[in-house]
Every structure is written in structure tokens, then in C-alpha cells.
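Breakdown of the fold
One letter stands for each residue in the lines below.
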Amino acid sequence: DPAGWGAAVSDSAPGLRSYPAPMVTRPASPTAWASQPRESVPIADGYTVGRLLAEEQVQRGVRRVGAKLGFTNQMVWSELGLSTPFWSPIYDTAVTDTRSVSLAGLVQPRIEPEIILGFDTELPAGATLEAISAAIGWGVAGCEIVQCHYPRWEMEPADAIADAGLHALLVVGERIEMDPVSARAMADVEVELWQAGTVVSSGRGSHALGGAVRAAAWQLRMPGVDGICAGAIVPPGTPTTPYPLPP
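All figures in this text were calculated on a predicted structure; none of them were measured in a lab. (Residues numbered from 1 in each chain as written. Predicted model: local features only at pLDDT ≥ 70, side-chain atom pairs only at ≥ 80, totals over all residues. Heavy atoms only, no water.)

1. Looking at the layout of surface pockets
Put simply, the test is: Put plainly, a pocket is an open set of points on a 1 Å grid over the protein atoms alone with protein on both sides within 12 Å along at least five of seven lines, a cavity is a set where a 1.4 Å probe fits but cannot get out, and a lining residue has an atom within 4 Å of a point. Grid points are joined across faces, edges and corners, and a volume is the space filled by probe spheres set on the points. Here a strand is any run of E in DSSP of at least two residues, a helix any run of H or I of at least four, and the numbering for each starts at the N terminus. Gly counts as polar in this scheme, as do all residues outside two lists: the nonpolar Ala, Val, Leu, Ile, Met, Phe, Trp, Tyr, Cys and Pro, and the charged Asp, Glu, Lys and Arg.
Approximately 830 Å³ is the volume found for the largest pocket. Around the largest pocket, the lining is made up of 40 residues, and of these Arg 64, Ser 88, Pro 89, Ile 90 and Tyr 91 lie nearest the centre. Per-element tally for the lining of the largest pocket: the top contributor is helix α1 (residues 43-59), with nine residues. Its residues placed into classes, the lining of the largest pocket shows 21 nonpolar, 11 polar and eight charged.

As C-alpha cells, this is what we get:
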């Protein structure tokens with residue numbers, strides 16, 4: 001598709017430069033949606049379903065490569081009855097560095113730019129901001145394609161967790177080496193999502209939980225998170241509004 005999508009990060013922070021992650025999408029295949037009315041589901045039940053899904057993935061031989069954060073826009077927490085974001089594992093089968101991806105089989109896909117972190121050093125639960133900054137080996141502009149099996153994206157937070165964290169595919173751009181200063185400075189970068197040269201959504205790194213480093217700190221304080229492994233990939237949440245992909 002010559003219209004092409006992409007994400008770009010400004011070079012306003014020390015140690016960073018613009019690194020676009022262009023991608024091309026194709027029409028999605030029709031897929032059935034959940035359609036029956038449902039009662040409210042506790043957050044804990046959403047994580048229980050998530051653990052069962054994770055066990056199935058491991059049994060299939062899929063390898064976990066990191067974890068994502070969702071609902072990182074604190075402005076909507078009161079409306080959703082939240083006091084924290086949620087986390088969900090991501091797997092090697094749902095991460096790519098290709099510039100062209102297919103949406104076949106995805107349900108109501110949306111795209112959101114991400115400032116993705118790569119960790120060179122293992123971190124324990126509850127690690128400090130200083131330790132997190134020092135453990136980050138690289139950062140990258142990329143895109144997460146999310147999907148939702150509930151009609152019109154109408155769901156509760158537990159539903160999102162149970163729906164594989166809404167994760168479909170993480171598209172990773174060119175990796176840029178980081179030091180602690182540039183890692184913290186990712187909170188100040190401007191992020192744009194564009195299509196065919198037109199900006200369709202924009203934001204600032206700090207819009208997602210105060211920035212990538214602070215977002216990782218959130219993850220390390222959450223129930224069920226024992227730490228971050230060396231080599232892990234962590235998309236800490238989009239600083240923009242997810243944008244619907246055309247059918």
C-alpha cells in the first residue's frame with residue numbers, strides 16, 4: 001500500500017535522533033467478534049485468564065520476549081475505575097522488524113506509536129529509576145498494532161487483559177544505543193504517527209506514565225511481575241491516541 005504508515009521520534013533529547021519506523025498495512029480478514037452481553041469482570045480474573053493464555057503459549061513452544069503496558073493514559077483511569085495500568089506478556093511470534101506486515105485475521109486493528117525499550121541488564125521487582133535507566137541498553141521508535149475482540153472496542157479493563165492485552169504485533173524500528181541520560185530524556189521526545197506524509201496523531205514521551213523509564217518502574221511494582229530479564233523488550237505504552245486502521 002503506497003499510503004504507508006510510520007512513527008517518528010524527535011531529536012530534542014540528548015543522545016537521541018530521529019529514527020522512523022515505516023510500515024505498510026493490508027486489509028484485515030473478517031473475523032467473528034464476541035457479541036453477547038457480559039457482566040463486569042474483576043481485574044484479578046482478567047490476569048487469571050492471561051496466565052492461562054501464557055501457559056498455552058509456552059506449551060506451543062512460543063518464547064516470551066518481554067511485556068507491554070496498557071491503559072497508560074492516566075486521564076482515563078477514573079472513568080475506567082483504575083489506579084494502575086495493566087501489563088501483559090509479549091512473544092517472539094508477535095514481534096517483527098519488517099517494514100511490511102499483514103493485518104489478515106486481526107479484529108478491529110488499531111495502530112499506535114511506541115518508544116520501545118531494550119534491557120541489557122536484569123532488574124528485580126521494585127527497582128529504582130536510577131537502576132532502570134542504567135539497565136536500558138537501547139531505545140527505538142516503533143508501532144504496536146492492537147486488536148479487540150469486543151464490538152466497537154467496548155470493554156472493561158479485565159476484558160482487555162484477558163484479550164491478550166489487546167496485543168497483536170509489535171513493529172520495531174532501528175535500535176539506538178542508550179545511556180542513563182538519554183534513557184531518562186525519552187520522556188521529553190515528541191512522537192508522531194503519520195500516514196502518507198500526514199500526521200494523524202501526536203504526543204510526548206511523558207504522556208505515557210511520565211516517560212519510558214517511569215513506565216518501566218510502574219511495571220516493576222505490579223502484581224505478578226518478578227522483574228525484567230536481560231534481553232527483554234518492553235513497550236511502555238503509547239504517548240498518543242491509538243488510530244483505527246482502515247478496513
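2. Some details on the confidence of the model for the protein
Cut-off, in case you're wondering: Note on scores: pLDDT gives the predictor's confidence for each residue, bounded by 0 and 100. Residues count as neighbours in contact if any of their non-hydrogen atoms are within 4.5 Å of one another.
Taken residue by residue, the protein gives an average pLDDT of 85. The fraction at 70 or more is 84%. In this model residues 12-35 is a low-confidence stretch, pLDDT under 50, and it forms 90 contacts with partners more than four residues away in sequence or in other chains.

3. Concerning α1
Definition in use: The span expected for a helix works out to 1.5 Å for each residue beyond the first. Exposure is judged per residue with a 1.4 Å probe applied to protein chains only, and the accessible area is read against the type maximum: over 50% gives exposed, under 20% gives buried, and values in between give partly exposed. In this description, the arc belongs to the directions extending from the helix axis to the C-beta atoms.
Over its 17 residues, α1 extends 25 Å from the first C-alpha to the last, a length consistent with the 24 Å expected when each residue adds 1.5 Å. For α1, the full list of buried residues reads Gly 46, Tyr 47, Gly 50, Ala 54 and Gln 57. The buried residues of α1 occupy one face: seen down the axis, they fall within an arc of 95 degrees. Facing away from the buried side of α1 by over 90 degrees, the exposed positions are Ala 44, Arg 51 and Gln 59.

4. Focus on the pattern of salt bridges
Which entries qualify depends on this criterion: A side-chain nitrogen of Lys or Arg and a carboxyl oxygen of Asp or Glu constitute a salt bridge if their distance falls within 4 Å.
By the definition in use, this model includes four salt bridges. With its nearest N and O atoms 2.9 Å apart, the salt bridge here joins Lys 68 to Glu 144. Of this pair, Lys 68 sits in strand β2 (residues 64-70) while Glu 144 sits in strand β7 (residues 136-146), and the two are 76 residues apart along the sequence. The class for Glu 144 is buried, based on a relative accessible area of 0%. Between Asp 188 and Arg 204 there is a salt bridge, with the nearest N and O atoms lying 3.7 Å from each other.

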